[in-house]
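Residue-level structure breakdown
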Amino acid sequence: MILPIIAYGDPVLRKVATDIDKEYPKLNELISNMWETMYNASGVGLAAPQIGLPIRLFLVDTTPFSDDEDLTKDEQLQLKDFKQVFINAKITEETGDEWAFNEGCLSIPDVREDVNRKGTIQVTYLDENFKQHTKTFDGLLARVIQHEYDHIEGILFTDKLSALKKRMLKGRLTNISKGKIIVDYRMKFPALKKGR
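The structure contained in this document is the topic of the report that follows. (Residues numbered from 1 in each chain as written. Predicted model: local features only at pLDDT ≥ 70, side-chain atom pairs only at ≥ 80, totals over all residues. Heavy atoms only, no water.)

1. A closer look at the overall build of the chain
- Within the chain, the secondary structure is distributed over four helices and seven strands.
- The linear arrangement of helices and strands in the chain, starting from the amino end, is β-α-β-β-α-β-β-β-α-α-β.
- Relative to the compact-globule value of 16 Å for 196 residues, the chain shows a C-alpha radius of gyration of 16 Å, a close match.
- Projected onto its principal axes, the C-alpha coordinates of the chain cover approximately 45 × 40 × 30 Å.
- Taking all 196 residues of the chain together, 49% fall into the buried category.
- Taking contacts inside the chain between residues at least 6 apart in sequence as the whole, the part at least 24 apart equals 65%.
- For the chain, the accessible surface area stands at approximately 10200 Å², while carbon and sulfur atoms represent 49% of it.
- Each charge class in the chain can be summarised by its mean position, and for the 28 positive and 30 negative side chains these summaries are 9 Å apart. (Helix = DSSP H or I, 4+ residues; strand = E, 2+ residues; numbered from the N terminus. Rg over C-alpha atoms; globule rule 2.2 N^0.38 Å. Buried < 20%, exposed > 50% of the residue type's maximum accessible area, 1.4 Å probe, protein only. Contact = heavy atoms within 4.5 Å. Areas by Shrake-Rupley, 256 points an atom, 1.4 Å probe, with all protein chains shown as cover. Lys, Arg positive; Asp, Glu negative; His and termini not counted. Charge placed at Lys NZ, Arg CZ, Asp CG, Glu CD.)

2. Structural notes on the sheet that holds strand β2 (residues 45–47)
- The sheet built from five strands is open, its strands ordered β2-β3-β4-β5-β6 with antiparallel pairing. A strand with exactly one partner marks an edge of an open sheet, and here the two such strands are β2 and β6 (132–138). Between one strand axis and the next, the sheet turns by 45 degrees as a mean value, whatever way the strands run.
- Across three bridges, the pairing between β2 and strand β3 (residues 57–61) is antiparallel. Bridging across to β3, A47 finds its partner in F58.
- The sheet strands contacting helix α1 (residues 27–40) are β2, β3 and β4 (83–105), and the helix crosses β3 at an angle near 45 degrees.
- Sitting on the sheet, helix α3 (residues 139–152) is in contact with β2, β3, β4, β5 (108–126) and β6, with an inclination near 115 degrees to β4. (Pairing = 2+ DSSP bridges. Axes fitted to C-alpha atoms, helices over the stretch in contact; angles between N-to-C directions.)

3. Points about the side chain of Q84
- Along the chain, Q84 turns up in strand β4.
- Contacts of Q84, omitting those with residues within four sequence positions, involve W35, F58, L59, V60, Y125, D127 and E128.

4. Observations concerning the pairing of β4
- The pairing of β3 with β4 spans five bridges and is antiparallel. By the bridge assignment, V60 is partnered in β4 with Q84.
- Bridging between β4 and β5 involves 13 bridges; their strand directions are antiparallel. Considered in β5, the bridge of C105 is made with I108.
- Where β4 folds back on β5, the antiparallel hairpin that results is connected by two residues.

5. A few points about α1
- When the terminal C-alpha atoms of α1 are compared, their 20 Å separation across 14 residues agrees well with the 20 Å that a helix rising 1.5 Å per residue should span.
- Turning to α1, its buried residues number three or more, namely L27, L30, I31, N33, M34, W35, T37 and M38.
- Next to the buried residues of α1 lie β1 (5–6), β2, β3 and β4.
- In the stretch just after α1, S42 is the one whose phi turns positive, near 60 degrees. (Expected span 1.5 Å × (residues − 1).)

6. Re the environment of G119
- Considering the arrangement of structural elements, one finds G119 in strand β5.
- Exposure remark for G119: the relative accessible area of 12% places this residue in the buried category.
- Sequence separation of G119 and I55 is 64 residues, and the distance between their C-alpha atoms is 26 Å.
- Sequence-distant contacts of G119, that is, excluding residues within four places in its chain, are made with T95, G96, D97, W99, F137, D138, G139 and A142.

7. Quick notes on the pattern of salt bridges
- In this structure the tally under the stated criterion is nine salt bridges.
- Where R14 meets D159, a salt bridge forms, and the shortest distance between an N and an O atom there is 2.6 Å. Of this pair, R14 sits in the loop between β1 and α1 while D159 sits in the loop between α3 and α4 (163–177); the two residues are 145 residues apart in sequence, bridging distant segments of the chain.
- When salt bridges that share partners are traced, they join E103, R117, R143, D150 and K160 into one network. (Salt bridge = Lys/Arg side-chain N within 4 Å of Asp/Glu carboxyl O.)

Now the structure itself:
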């Protein structure tokens, strides 16, 4: 089932999400709905707060990036068919030089800005079968995970921009929260009584 994506301005996007356990109600159905919602919106990642649930769950599928000809063959291979559910994730280490990449977000449609992030991360997380993993990711894969991880920490990519950029975007962000934007996927706008 395709769920509405929560737009910028909703308080749920600012909450630090809580851990879940195996008993979380209808978890498999939720994960399946999240994949469907993400693909419907042409996203490469989706976090539970973006569908209104302040829980530590996000998913990533970087396959669409694997066609990018600016990437090396190794990078393309790393991104191809990478599809993962992250439950109760914790980034334990961020290393390497910061590098800029133009990011967007399904909760903030039509806004894209360069964001600086560290190149390599180590993450401890549970998969959908509640098996624990500790893995190191780098490059674009690390970035997508960092972006989704920020969502479960109540952080948006726009928070990482300069004060000047934030001021310049203020009007557009206000319009998004009021639903004054055209999007081709279902959204719920905080400043409207009803979502579309």
